[in-house]
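Observations on the model geometry
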Amino acid sequence: MSPHILILGGTTEARELAAALASRPGWRVTTSLAGRVTRPGKVAGEVRIGGFGGAEGLADWLREEQADALVDATHPFARAITAHAARASAATGVPCVVLRRPGWQPGPGDRWHPVDSLDVAAQLLPSLGRRVFLTTGRMELAAFAHLTELHFVVRSVELPEPPMPPRTEVLLARGPFTVTDESALLHDHRIDVLVTKDSGGAATSAKLTAARQLSLPVVVVRRPPLPDGVTAVPDVAGVQRWLDLLNPR
(Lines give C-alpha, C1' and ligand atoms only; values in the text may rest on other atoms or scores of the structure.)
Protein backbone atom coordinates (compact mmCIF):
# COMPACT_ATOMS: atom_id res chain seq x y z
CA MET A 1 0.00 0.00 0.00
CA SER A 2 1.34 3.45 -0.89
CA PRO A 3 2.50 5.42 2.16
CA HIS A 4 0.96 8.75 3.13
CA ILE A 5 3.40 11.24 4.69
CA LEU A 6 2.35 14.40 6.52
CA ILE A 7 4.97 17.16 6.56
CA LEU A 8 4.55 20.03 8.99
CA GLY A 9 6.15 22.66 6.79
CA GLY A 10 7.05 26.28 6.36
CA THR A 11 10.82 25.92 5.95
CA THR A 12 13.08 25.53 2.93
CA GLU A 13 13.84 21.98 4.02
CA ALA A 14 10.14 21.16 4.16
CA ARG A 15 9.69 22.22 0.53
CA GLU A 16 12.77 20.25 -0.51
CA LEU A 17 11.49 17.17 1.29
CA ALA A 18 8.02 17.47 -0.25
CA ALA A 19 9.55 17.65 -3.72
CA ALA A 20 11.76 14.62 -3.09
CA LEU A 21 8.95 12.48 -1.69
CA ALA A 22 6.33 13.56 -4.22
CA SER A 23 8.62 12.32 -6.99
CA ARG A 24 8.46 8.78 -5.59
CA PRO A 25 5.90 6.72 -7.52
CA GLY A 26 2.80 6.00 -5.49
CA TRP A 27 3.72 8.10 -2.49
CA ARG A 28 1.14 10.55 -1.14
CA VAL A 29 2.63 13.66 0.41
CA THR A 30 0.68 16.33 2.30
CA THR A 31 2.36 19.49 3.56
CA SER A 32 0.63 21.49 6.27
CA LEU A 33 1.30 25.25 6.43
CA ALA A 34 0.24 27.48 9.31
CA GLY A 35 -1.04 30.18 6.94
CA ARG A 36 0.87 33.06 8.57
CA VAL A 37 2.49 34.02 5.24
CA THR A 38 -0.04 35.14 2.65
CA ARG A 39 1.99 34.01 -0.37
CA PRO A 40 4.02 30.90 0.52
CA GLY A 41 6.36 29.38 -2.03
CA LYS A 42 5.27 26.56 -4.31
CA VAL A 43 5.09 23.17 -2.58
CA ALA A 44 4.98 19.77 -4.31
CA GLY A 45 2.19 17.34 -3.46
CA GLU A 46 -0.95 18.19 -1.51
CA VAL A 47 -1.10 21.29 0.67
CA ARG A 48 -3.36 22.14 3.59
CA ILE A 49 -3.48 25.58 5.23
CA GLY A 50 -4.22 26.33 8.87
CA GLY A 51 -3.82 24.76 12.28
CA PHE A 52 -5.15 21.42 13.49
CA GLY A 53 -6.53 22.51 16.84
CA GLY A 54 -3.73 21.32 19.06
CA ALA A 55 -2.28 17.85 19.54
CA GLU A 56 -5.73 16.23 19.68
CA GLY A 57 -6.77 17.77 16.38
CA LEU A 58 -3.53 16.66 14.75
CA ALA A 59 -4.05 13.14 16.08
CA ASP A 60 -7.59 13.10 14.64
CA TRP A 61 -6.26 14.20 11.25
CA LEU A 62 -3.57 11.50 11.24
CA ARG A 63 -6.23 8.86 11.92
CA GLU A 64 -8.80 10.20 9.45
CA GLU A 65 -6.29 10.62 6.62
CA GLN A 66 -4.55 7.33 7.44
CA ALA A 67 -1.12 8.89 7.61
CA ASP A 68 1.79 6.48 7.84
CA ALA A 69 4.46 8.92 9.05
CA LEU A 70 4.73 12.46 10.40
CA VAL A 71 7.67 14.76 9.66
CA ASP A 72 8.01 17.92 11.72
CA ALA A 73 9.95 20.24 9.40
CA THR A 74 8.82 23.47 11.06
CA HIS A 75 11.07 26.30 12.21
CA PRO A 76 13.46 25.38 15.06
CA PHE A 77 11.61 27.84 17.29
CA ALA A 78 8.10 26.49 16.57
CA ARG A 79 7.98 24.96 20.06
CA ALA A 80 4.20 24.48 20.28
CA ILE A 81 3.70 22.55 17.03
CA THR A 82 6.73 20.37 17.77
CA ALA A 83 5.22 19.47 21.14
CA HIS A 84 1.85 18.80 19.49
CA ALA A 85 3.48 16.54 16.91
CA ALA A 86 5.20 14.49 19.61
CA ARG A 87 1.94 14.09 21.53
CA ALA A 88 -0.09 13.22 18.42
CA SER A 89 2.50 10.62 17.41
CA ALA A 90 2.34 9.02 20.86
CA ALA A 91 -1.47 9.03 20.82
CA THR A 92 -1.84 7.47 17.36
CA GLY A 93 1.27 5.33 16.99
CA VAL A 94 2.16 7.18 13.78
CA PRO A 95 5.99 7.41 13.68
CA CYS A 96 7.37 10.95 13.91
CA VAL A 97 10.73 12.48 13.07
CA VAL A 98 11.91 16.07 13.47
CA LEU A 99 13.90 17.66 10.65
CA ARG A 100 16.18 20.28 12.23
CA ARG A 101 19.02 21.88 10.32
CA PRO A 102 22.14 22.31 12.46
CA GLY A 103 22.42 25.48 14.48
CA TRP A 104 25.03 28.16 13.93
CA GLN A 105 28.36 28.02 15.71
CA PRO A 106 30.52 31.05 16.63
CA GLY A 107 33.88 31.39 14.91
CA PRO A 108 37.04 33.40 15.50
CA GLY A 109 36.25 37.10 15.81
CA ASP A 110 32.58 36.64 16.66
CA ARG A 111 31.22 38.70 19.56
CA TRP A 112 28.24 36.52 20.43
CA HIS A 113 26.06 36.90 23.51
CA PRO A 114 23.96 33.69 23.76
CA VAL A 115 20.67 34.01 25.68
CA ASP A 116 17.79 31.66 26.40
CA SER A 117 14.88 33.94 25.54
CA LEU A 118 13.78 37.13 23.83
CA ASP A 119 13.12 38.70 27.22
CA VAL A 120 16.74 38.17 28.25
CA ALA A 121 17.87 39.54 24.88
CA ALA A 122 15.84 42.70 25.53
CA GLN A 123 17.41 43.10 28.99
CA LEU A 124 20.88 42.91 27.47
CA LEU A 125 20.41 45.32 24.57
CA PRO A 126 20.76 48.73 26.28
CA SER A 127 24.29 47.78 27.37
CA LEU A 128 25.33 46.85 23.83
CA GLY A 129 24.09 49.65 21.59
CA ARG A 130 21.40 52.14 20.63
CA ARG A 131 20.64 51.06 17.07
CA VAL A 132 19.48 47.46 16.77
CA PHE A 133 19.05 45.19 13.75
CA LEU A 134 16.29 42.87 14.98
CA THR A 135 15.76 39.65 12.98
CA THR A 136 13.76 37.52 15.40
CA GLY A 137 10.52 37.39 13.40
CA ARG A 138 7.61 39.76 12.83
CA MET A 139 5.32 38.19 15.44
CA GLU A 140 7.67 38.43 18.41
CA LEU A 141 8.45 42.11 18.81
CA ALA A 142 6.48 42.55 22.03
CA ALA A 143 9.50 41.57 24.14
CA PHE A 144 11.25 44.72 22.92
CA ALA A 145 8.29 47.13 22.97
CA HIS A 146 9.33 48.72 26.28
CA LEU A 147 12.74 49.79 24.93
CA THR A 148 11.60 53.27 23.99
CA GLU A 149 15.08 54.81 23.81
CA LEU A 150 16.48 52.37 21.25
CA HIS A 151 16.06 52.51 17.47
CA PHE A 152 15.13 49.19 15.85
CA VAL A 153 15.51 48.10 12.25
CA VAL A 154 13.23 45.09 11.74
CA ARG A 155 13.40 42.89 8.65
CA SER A 156 10.40 40.75 7.80
CA VAL A 157 8.72 39.06 4.85
CA GLU A 158 5.43 40.74 5.80
CA LEU A 159 4.47 43.69 7.98
CA PRO A 160 4.98 42.96 11.69
CA GLU A 161 2.18 43.03 14.20
CA PRO A 162 2.01 45.27 17.28
CA PRO A 163 2.99 45.67 20.02
CA MET A 164 6.44 46.73 18.90
CA PRO A 165 9.05 49.30 19.93
CA PRO A 166 7.95 52.88 19.17
CA ARG A 167 11.13 53.61 17.21
CA THR A 168 10.88 50.83 14.64
CA GLU A 169 11.88 50.95 10.98
CA VAL A 170 10.55 48.00 8.94
CA LEU A 171 12.35 46.52 5.95
CA LEU A 172 10.28 44.11 3.87
CA ALA A 173 12.54 41.49 2.28
CA ARG A 174 12.88 37.74 1.80
CA GLY A 175 16.19 35.85 1.96
CA PRO A 176 18.63 34.52 1.06
CA PHE A 177 20.89 37.52 1.61
CA THR A 178 24.54 37.99 0.65
CA VAL A 179 27.32 39.21 2.91
CA THR A 180 27.63 42.29 0.71
CA ASP A 181 23.93 43.05 1.17
CA GLU A 182 24.11 42.58 4.92
CA SER A 183 27.25 44.66 5.30
CA ALA A 184 25.62 47.51 3.38
CA LEU A 185 22.49 47.30 5.54
CA LEU A 186 24.47 47.36 8.78
CA HIS A 187 26.56 50.28 7.55
CA ASP A 188 23.73 52.33 6.02
CA HIS A 189 21.52 52.01 9.11
CA ARG A 190 24.43 52.60 11.51
CA ILE A 191 23.68 49.40 13.39
CA ASP A 192 25.36 48.89 16.79
CA VAL A 193 24.10 45.41 17.62
CA LEU A 194 22.38 42.49 15.87
CA VAL A 195 19.72 40.29 17.50
CA THR A 196 18.85 36.95 15.95
CA LYS A 197 17.53 33.51 16.75
CA ASP A 198 19.74 30.46 16.16
CA SER A 199 17.73 29.43 13.11
CA GLY A 200 20.65 27.76 11.38
CA GLY A 201 20.97 27.32 7.63
CA ALA A 202 22.60 29.42 4.95
CA ALA A 203 19.66 31.59 3.87
CA THR A 204 20.13 34.16 6.65
CA SER A 205 23.62 33.39 7.96
CA ALA A 206 25.30 36.17 5.94
CA LYS A 207 24.30 38.71 8.58
CA LEU A 208 26.52 36.89 11.07
CA THR A 209 29.51 37.12 8.73
CA ALA A 210 28.82 40.80 8.13
CA ALA A 211 28.57 41.46 11.87
CA ARG A 212 31.88 39.65 12.43
CA GLN A 213 33.59 41.72 9.76
CA LEU A 214 32.30 44.92 11.39
CA SER A 215 33.11 43.68 14.92
CA LEU A 216 29.48 44.12 15.99
CA PRO A 217 28.06 42.31 19.02
CA VAL A 218 25.41 39.69 18.22
CA VAL A 219 22.73 38.56 20.67
CA VAL A 220 21.85 34.98 19.73
CA VAL A 221 18.70 33.40 21.17
CA ARG A 222 19.29 29.69 21.76
CA ARG A 223 16.86 27.09 20.41
CA PRO A 224 14.26 25.55 22.70
CA PRO A 225 14.92 21.89 23.57
CA LEU A 226 13.11 19.14 21.70
CA PRO A 227 10.51 17.04 23.56
CA ASP A 228 11.87 13.97 25.29
CA GLY A 229 12.14 10.86 23.15
CA VAL A 230 11.87 12.67 19.82
CA THR A 231 14.02 11.47 16.92
CA ALA A 232 15.76 14.30 15.08
CA VAL A 233 17.74 14.33 11.82
CA PRO A 234 19.70 17.26 10.33
CA ASP A 235 18.71 17.15 6.66
CA VAL A 236 16.33 15.92 3.95
CA ALA A 237 18.50 12.89 3.19
CA GLY A 238 18.23 11.84 6.83
CA VAL A 239 14.44 11.95 6.67
CA GLN A 240 14.43 9.88 3.51
CA ARG A 241 16.64 7.24 5.13
CA TRP A 242 14.31 7.18 8.13
CA LEU A 243 11.27 6.74 5.90
CA ASP A 244 12.97 3.99 3.91
CA LEU A 245 13.47 2.04 7.12
CA LEU A 246 9.74 2.38 7.80
CA ASN A 247 8.78 1.46 4.22
CA PRO A 248 11.35 -1.02 2.89
CA ARG A 249 10.97 -1.77 -0.80
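Residues numbered from 1 in each chain as written. Predicted model: local features only at pLDDT ≥ 70, side-chain atom pairs only at ≥ 80, totals over all residues. Heavy atoms only, no water.

Our working definition: UniProt positions are given in the numbering used here, feature names are shortened, and annotations may be inferred rather than shown by experiment.
The protein chain carries the name Precorrin-6x reductase in an unreviewed UniProt entry, which gives Streptomyces sviceus as its organism. Of the comments in the UniProt record for the protein chain, the one headed Pathway (unreviewed entry) reads "Cofactor biosynthesis; adenosylcobalamin biosynthesis."

Some thoughts on the packing of helix α5 (residues 179-188) against helix α6 (residues 206-213)
Rules: A fitted line through C-alpha atoms represents every axis, and for helices the fit uses only the stretch in contact; the resulting angles, taken between N-to-C directions, go from 0 to 180 degrees. In this text, helices come from DSSP runs of H or I with a minimum length of four residues, and strands from runs of E with a minimum of two, each type numbered from the N-terminal end. Just so you know how the angles are binned, under 35 degrees is roughly parallel, over 145 roughly antiparallel, 65 to 115 roughly perpendicular, and the rest oblique. Helix crossings get a hand from a simple test, with the near helix turned counterclockwise from the far one by less than a right angle marking a left-handed crossing and a clockwise turn marking a right-handed one. In this description, contact between two residues means that some pair of their heavy atoms is separated by no more than 4.5 Å.
Two numbers describe how α5 lies on α6: the axes approach to 8 Å, and their chain directions differ by 55°. With respect to each other, α5 and α6 are oriented oblique. Classified by chirality, the crossing of α6 by α5 is right-handed. On α6, the residues that touch Val179, Glu182, Ser183 and Leu186 of α5 are Ala206, Lys207, Thr209, Ala210, Ala211 and Gln213.

Quick look at helix α1 (residues 12-22)
So the rule is basically this: When accessible area is computed with a 1.4 Å probe and restricted to protein chains, residues below 20% of their type maximum are described as buried, those above 50% as exposed, and intermediate ones as partly exposed. The arc in question is the one spanned by the directions pointing from the helix axis to the C-beta atoms.
Among the residues of α1, Glu13, Ala14, Leu17, Ala18 and Leu21 are the ones counted as buried. Looking straight down α1, one finds its buried side chains confined to an arc of 135°; they lie on one side. Where α1 is buried, its residues contact β1 (4-8), β2 (28-33), β4 (69-72), β5 (96-99) and α7 (236-246).

What to know about the pattern of salt bridges
We count it as follows: The salt bridge criterion pairs a side-chain nitrogen of Lys or Arg with a carboxyl oxygen of Asp or Glu, the two atoms within 4 Å.
A complete count under the given rule lists 14 salt bridges for this structure. Salt-bridge contacts for Arg212 lead to Asp110; the nearest nitrogen and oxygen are separated by 2.9 Å. Placement of the pair is Arg212 in helix α6 and Asp110 in the loop between β5 and β6 (111-115), with a sequence separation of 102 residues. Judged by its relative accessible area of 17%, Asp110 is buried. When salt bridges with common partners are traced through the structure, they connect Arg28, Glu46 and Glu65 into a single cluster.

Quick look at the sheet that holds β4
Filter applied, for reference: At least two bridges found by DSSP between two strands is the condition for calling them paired.
Judged by pairing direction, the sheet is parallel, and its 6 strands sit side by side in the order β3-β2-β1-β4-β5-β12 without closing on themselves. For this open sheet the edge positions go to β3 (46-49) and β12 (231-233), each flanked by a neighbour on one side alone. Across the sheet, the axes of successive neighbouring strands diverge by a mean angle of 25°, strand direction being ignored. As judged from the 3 bridges shared by β5 and β12, these two strands associate in the parallel manner. Residue pairing in the sheet places Val97 in a bridge with Thr231 of β12.

Considerations on the domain arrangement of the protein chain
Note: interface size is frequently given as the accessible area lost on complex formation between the parts. Put simply, the rule is: Residue ranges labeled as domains rest on an automatic or database domain assignment.
According to the domain assignment, the protein chain consists of domain 1 (2-100 + 223-244) and domain 2 (110-219). A separation of 29 Å is found between the C-alpha centroids of domain 1 and domain 2.

Some words on the side chain of Arg100
Keep this limit in mind: Pairing of N or O atoms within 3.5 Å defines a polar contact, subject to two protein rules: one partner must be a possible hydrogen donor and the other a possible acceptor, and residues neighboring in sequence count only if both atoms are side-chain atoms.
Its place among the elements puts Arg100 in the loop between β5 and β6. From its side chain, Arg100 meets the backbone oxygen of Thr74 in a polar contact 3.1 Å long. Leaving out residues up to four positions away in the same chain, Arg100 has contacts with Asp72, Thr74, His75, Pro76, Thr82, Arg223, Leu226, Val233 and Pro234.

With respect to the packing of aromatic side chains
The line we're drawing: Only the six-membered ring of Trp is used, alongside the rings of Phe and Tyr, when aromatic pairs are assigned; centres must lie within 6.5 Å, and planes under 30 degrees apart are stacked while those over 60 apart are edge-to-face, with the rest tilted. A ring is considered to have a charge above it if a Lys NZ or an Arg CZ atom is located within 6 Å of its centre and within 35 degrees of its normal.
Applying the stated criterion across every chain yields a total of 2 aromatic pairs. For the pair Phe52 and Trp61, a centre-to-centre distance of 6.0 Å together with 75° between the ring planes defines the contact as edge-to-face. Residues Phe52 and Trp61 agree in their burial class; the two are buried. One cation-aromatic arrangement involves Arg24 over Trp27; the distance from NZ or CZ to the ring centre is 4.6 Å. The ring of Phe177 has Arg155 lying over it, and the distance from NZ or CZ to the ring centre is 3.7 Å.

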